[in-house]
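Architecture at a glance
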Amino acid sequence: VNSSSVFTVRYFRTTAVHRDDVVTVNTPAFAESVTEGDVRWEKAVGDTVAEDEVVCEIETDKTSVQVPAPAAGVIEALLVPDGGKVEGGTPLFKLRKTGAAPAKAKPAAAPPPPAAPEPVAAAAPPAAAAPIPTTMPPVPPVSAQPMDSKPVSAVKPAAAPVAAPPGEAVPSKGARSEHRVKMNRMRQRIAQRLKEAQNTCAMLTTFNEIDMSNIREMRAQHKDPFLKKHNLKLGFMSAFVKAAAFALQDQPVVNAVIDDTTKEIVYRDYVDISVAVATPRGLVVPVIRNVENMNFADIERAIHELGEKARKNELAIEDMDGGTFTISNGGVFGSLFGTPIINPPQSAILGMHAIFDRPVAVGGKVEVRPMMYVALTYDHRLIDGREAVTFLRKIKAAVEDPRVLLLDL
Amino acid sequence: MALPRSLRSCLQRPCLLRSPRARLGGAGGGGLILQSLSGDVYQNLAVEDWIHEQVSLENRQVLFLWRNAPAVVIGRHQNPWQECNLRLMRQKGIKLARRRSGGGTVYHDLGNINLTFFTTRKKYERMDNLKLVVRALKALRPQLDVHVTDRYDIVLGGRYKISGTAAKLGRTTAYHHCTLLCSADKSVLSSVLKSPYKGLKSNATASVPSSVRNLLEEDPALTCELLLEAIAKEYATWHQIDHHITLINPADEAVLPGINSKAKELQTWEWVYGKTPKFSISTYFDMTYKDSVLEVKVDMEVKHGRIEVCNIDAPEQWLPPGLCQELAKSLTGSRFCPDEVAVLASTLLRTCPQDNELRNKWNLLCENMRMLM
């Protein structure tokens, strides 16, 4: 179509021809004799909007008024800064209209992980409704748009943004693209630290299995009186924490740590147990201090308090700091068996796993028992194999029969 | 223009007084009075969204009555750090919600009534609504000295605010909602609505604080129930509809399809905190460590609730070189949230060589940083 024969009059769009034209949208008249308001932008320059999609809100005198896009297109310019004042009729923004209405851009903003510290670059050409991370090959400039106007509406705001070479068919199933997200500093630092730990410690893992029948029975029998007296639920962790403390006192070298700078072994006569917990914010490792002096009730109370604090977002930094030994429970995710990694600067970590019913040999016969595999990863520079195995066996003995703790066996 | 089927079926459910058929129609156009069964602020705000989007308001008005368990509600474009004491709220378990209408910050509890008037955009008239409320109050207690100000507040005795207003205008529909203080806890109200955060600079909408009073203080017999009845009655009379309150359960997907996802969205961090207009903090705090007092200066820029720029200026040599910088760099990009800072700080600490001195200093510094949030 010969475009020179078609006038573009602002706000008047000929339907026969999809021709880009830029529309300036003004502030709507205010209700009730209000004279001015503040603009709050929802969209940014370069964002694709559908017809009627909210581009900004104007706040006047306790009222929030939405300003929608008059047609589908791309925001070309914002004429007022965020928070700026406007009156009825003040030009607000320029919209470059396009023929097609892209799928709602809003859901596309969500998938690129919020964890990525880089603010998501909203400048996306219409061909891709999702924001594009920096390292992608350059995307066709806007002027190529009219050529692509046919299949644009087919582009779905998928989590993986796609860069279609100009003129080619719309990206669809089978498009093999990549998506790069920069590692945030925290992750980089942890990665570095873990590798350092792995390179300095001589890490080994020894395994064992625990028959959970007695503990289950103890819980079944005593959980109600326990709840009544202590107002706490009797869980499994207290059994393991107590058993670990017991074993650590029996084998102090597992509670110790090598000071690489002075080449000394630091023995500690207190037992602080870190319990690894996965939260939406990341791994937190709150510490139960001085477990050597605690009984089951004390331990359950400490765990409960930490849990409450975490829930109310009140965990203090010092709650999560320190620890001489870590217990990590992969069992909550259903893990059968695995090698935990030491939490530096400690020397050992106990990994608990899920409890599964298994046939085992008991007194020469096959019985089905609830069994849990446990793993102890330890620093072999400090802890010998014999000590590690004895340590783990002690935990096993104390969990399988808590009377061991009572009798100090 | 039919109501969405589900809301219509809600009307047919056995309710308070009479059968539903008589309700709609009538000389003045249709009308509906709804009351929420829930005290959950997010669910109730979600109902407002739902009605705003789904109910056709041609020839019909809707009044929605609701109350909430203790919560602070900020306006669409406000900054919660500027408006309220988030620390205190976390301790007391008082929720924070951001509504979609403009205006300032209010404290809700079960002693406060919320009224939402839904109309078409053409029929949007806040003054009329507030005058209706005043009429209702005067019908209950003719000597009550209440009137509507030109700022759309309702004032008692010429000096105490008992109601604040906010509104939202959509393309074709609008709503105006207001509070009404009946028997709210004023001491909690004043303590949570006072922000302890210093050094904030932002162009977010600021609240205008006022002295408040409960209607109960004027007359101990004025309970929330009495007030709700009176307002519903006045609304029914004015719009010539049946005086009939339909109870709705904001968690019921069958009646309000899609309501639960609306409520969920209102609770996300991205909505409640992330929609705060960009702001900057320039402040300092003093830390007492052993026998000395150290001053730490902090400068931050926060956008979408995330720290974009972070500068921590602590005394030289107090912490191992570069550690302060490391903290500042790690905070950049993370949420302006004490939770996240706690995780970050403890993780960072674990990546450093351990000694008690360092640990104590670090904890002190990081706890102070968290106090800013």
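Worth saying up front: this structure is predicted, and the values here are computed from it rather than measured.

1. A closer look at the overall build of chain A
- From N to C terminus, chain A includes eight helices and 17 strands.
- When burial is assessed residue by residue, chain A has 42% of its 409 residues classed as buried.
- Pairs at least 24 apart in sequence give 61% of the contacts found in chain A among residues at least 6 apart.
- Looking at chain A as shown, the accessible area adds up to about 21400 Å², and 55% of this sits on carbon and sulfur atoms.

2. Some words on the overall build of chain B
- Within chain B one finds 13 helices and 16 strands.
- With the principal axes as the frame, chain B shows a C-alpha extent of 80 × 45 × 30 Å.
- Looking at chain B as a whole, 58% of its 373 residues are labelled buried.
- Contacts in chain B between residues far apart in sequence, at least 24 positions, make up 73% of those at least 6 positions apart.

3. Details of the domain arrangement of chain B
Residues and elements named next belong to chain B.
- Each assigned domain of chain B is listed here: domain 1 (32-273) and domain 2 (279-372).
- Placing a centre on the C-alpha atoms of domain 1 and another on those of domain 2 gives a separation of 39 Å.
- In this assembly, 13 residues from domain 1 lie in contact with 14 residues from domain 2.
- The junction of domain 1 with domain 2 conceals about 1100 Å² of combined surface from both sides, 57% of it contributed by carbon and sulfur atoms.
- Its largest share of buried area at the contact with domain 2, domain 1 owes to Trp81, Arg87 and Trp269, together 44% of the area lost on that side.
- Counting across the interface, domain 1 meets domain 2 through one salt bridge.

4. Quick notes on the interface of chain A and chain B
- Each side of the interface is counted separately: chain A has 40 residues, and chain B has 55 residues.
- Both sides of the chain A and chain B interface together cover about 4400 Å² of buried area, and 46% of this is carbon and sulfur.
- The interface formed by chain A and chain B contains four salt bridges.
- Across the pair Glu42 of chain A and Lys275 of chain B runs a salt bridge whose closest N-O atoms are separated by 3.8 Å.
- At the surface where chain A touches chain B, the tally comes to 10 residue pairs in polar contact (both at pLDDT 80 or more).
- Listed by contribution, the elements that provide at least two residues to the side of chain A that touches chain B are strand E4 (54-60), strand E5 (63-68), helix H3 (185-200) and strand E13 (282-284) of chain A.
- A per-class count over the side of chain A that touches chain B returns 17 nonpolar, seven polar and 16 charged.
- As judged from the three bridges shared by E5 of chain A and strand E10 (residues 165-169) of chain B, these two strands associate in the parallel manner. Pairing of Ser64 of chain A across the sheet is with Lys168 of chain B, part of E10 of chain B.

5. Re the packing of aromatic side chains
Residues and elements named next belong to chain A.
- One pass over the full model with this rule turns up 13 aromatic pairs over all chains.
- On the basis of an interplanar angle of 85 degrees and a centroid distance of 6.1 Å, the ring pair of Trp41 and Phe93 is categorised as edge-to-face. One end of the pair, Trp41, is in strand E2 (residues 36-41); the other, Phe93, is in strand E8 (residues 91-97), with 52 residues separating them in the sequence.
- When its relative accessible area of 14% is taken as the criterion, Trp41 is described as buried.

6. A look at the confidence of the model for chain A
- With 74% of its residues at a pLDDT of at least 70, chain A reaches an overall mean of 77.
- Throughout residues 101-169 of chain A the model reports pLDDT below 50, and contacts reaching past four residues in sequence, or to other chains, amount to 84 contacts.

7. Notes on the sheet that holds strand E6 (residues 73-78) of chain A
Residue and element names in this part refer to chain A.
- On the basis of which strands lie adjacent, the open sheet formed by four strands has the order E1-E8-E6-E3 and antiparallel pairing. In the strand order of this sheet, the two ends are held by strand E1 (22-26) and strand E3 (48-49), each with one partner.
- Pairing between E3 and E6: two bridges, direction antiparallel. Within the sheet, the bridge partner assigned to Thr48 lies in E6 and is Val74.

8. Notes on the nonpolar core
- By size, the foremost hydrophobic cluster in this structure holds 139 residues, and its most contacted members are Phe325 of chain A together with Met300 of chain B.
- A total of 10 residues in this core trace back to one element, the largest contributor, which is helix H5 (residues 237-250) of chain A.
- Setting aside residues no more than four positions away along its own chain, Phe325 of chain A makes contact with Ala244, Leu248, Val254, Asp272, Ile273, Ser274, Gln346, Ala348, Ile349, Leu350, Leu376 and Phe391 of chain A.
- If you look at the next biggest cluster of nonpolar residues, it comprises 34 residues, including Leu115, Leu130, Cys182 and Leu227 of chain B.

9. A word on the packing of helix H5 (residues 126-140) of chain B against helix H8 (residues 224-238) of chain B
Residue and element names in this part refer to chain B.
- Their axes nearest at 9 Å, the elements H5 and H8 cross at an angle of 120 degrees. With respect to their mutual orientation, H5 and H8 come out oblique. Helix-helix and strand crossings are classified by hand; for H5 and H8 the assignment is right-handed. Only Leu226, Leu227, Ala230, Ile231, Glu234, Tyr235 and Trp238 of H8 make contact with H5, whose side of the interface consists of Leu132, Val133, Arg135, Ala136, Leu137 and Leu140.
- Here the contact of H5 with H8 is composed, by residue class, of 11 nonpolar, no polar and two charged.

10. So, the environment of Ile215 of chain A
Residues and elements named next belong to chain A.
- Locating Ile215 in the fold gives a position in helix H4 (residues 213-230).
- In this structure Ile215 comes out as buried when scored by relative accessible area, which is 2%.
- For the pair Ile215 and Leu204, spaced 11 residues apart in the sequence, the C-alpha separation amounts to 28 Å.
- When residues no more than four places from it in sequence are discounted, the contact partners of Ile215 are Phe236, Ala239, Val399 and Pro402.

11. Digging into the pattern of salt bridges
Residue and element names in this part refer to chain B.
- Taken as a whole, this structure holds 38 salt bridges over all chains when the rule is applied.
- Of the charged contacts in the structure, one is a salt bridge between Lys262 and Glu53, with a shortest N-O distance of 2.9 Å. Of the two residues, Lys262 sits in helix H9 (residues 259-267) while Glu53 sits in helix H2 (residues 41-54), which places them 209 residues apart along the sequence.
- One salt bridge in this structure joins Lys278 and Glu308, with 3.8 Å as the shortest N-O distance. Placement of the pair is Lys278 in the loop between helix H10 (269-272) and strand E14 (279-289) and Glu308 in strand E16 (residues 306-313), with a sequence separation of 30 residues.

12. Observations concerning the domain arrangement of chain A
- For chain A, the assigned domains read domain 1 (22-97) and domain 2 (187-407).
- The C-alpha centroid of domain 2 of chain A is placed 58 Å from the C-alpha centroid of domain 1 of chain A.

13. What to know about the sheet that holds E2 of chain A
- Read across the open sheet, the 10 strands follow the order E7(A)-E2(A)-E4(A)-E5(A)-E10(B)-E11(B)-E6(B)-E2(B)-E1(B)-E13(B); overall the sheet is mixed. Edge strands, defined here as strands with exactly one partner in the open sheet, are strand E7 (85-87) of chain A together with strand E13 (245-248) of chain B. Along the sheet, successive strands turn relative to each other by an average axial angle of 25 degrees, direction set aside.
- Lying on the sheet, H2 of chain B is in contact with strand E1 (30-36), strand E2 (60-66), strand E6 (112-120), E10, strand E11 (173-181) and E13 of chain B; it crosses E2 of chain B at an angle near 175 degrees.
- Running over the sheet, H5 of chain B touches E5 of chain A together with E6, E10 and E11 of chain B and is turned about 35 degrees from E11 of chain B.

14. Details of H5 of chain B
- Here H5 of chain B contains 15 residues, and its C-alpha end-to-end distance of 22 Å stays within 8% of the 21 Å for a straight helix at 1.5 Å per residue.
- Those residues of H5 of chain B that fall on the buried side of the exposure criterion are Arg126, Asn129, Leu130, Leu132, Val133, Val134, Ala136 and Leu137 of chain B.

Basis of the calculations
- Residues numbered from 1 in each chain as written.
- Chains lettered and ligands numbered in written order.
- Predicted model: local features only at pLDDT ≥ 70, side-chain atom pairs only at ≥ 80, totals over all residues.
- Heavy atoms only, no water.
- Helix = DSSP H or I, 4+ residues; strand = E, 2+ residues; numbered from the N terminus.
- Buried < 20%, exposed > 50% of the residue type's maximum accessible area, 1.4 Å probe, protein only.
- Contact = heavy atoms within 4.5 Å.
- Areas by Shrake-Rupley, 256 points an atom, 1.4 Å probe, with all protein chains shown as cover.
- Domains from an automatic or database assignment.
- Buried area = accessible area lost by both parts, 1.4 Å probe.
- Salt bridge = Lys/Arg side-chain N within 4 Å of Asp/Glu carboxyl O.
- Polar contact = N/O pair within 3.5 Å; in protein donor to acceptor, adjacent residues only side chain to side chain.
- Nonpolar A, V, L, I, M, F, W, Y, C, P; charged D, E, K, R; others polar.
- Pairing = 2+ DSSP bridges.
- Phe/Tyr/Trp six-rings, centres within 6.5 Å; stacked < 30°, edge-to-face > 60°.
- pLDDT = per-residue confidence, 0-100.
- Core = buried A, V, L, I, M, F, W, Y, C linked by side-chain atoms within 4.5 Å.
- Axes fitted to C-alpha atoms, helices over the stretch in contact; angles between N-to-C directions.
- Parallel < 35°, antiparallel > 145°, perpendicular 65-115°, else oblique.
- Left-handed = near helix turned anticlockwise from the far one by under 90°.
- Expected span 1.5 Å × (residues − 1).

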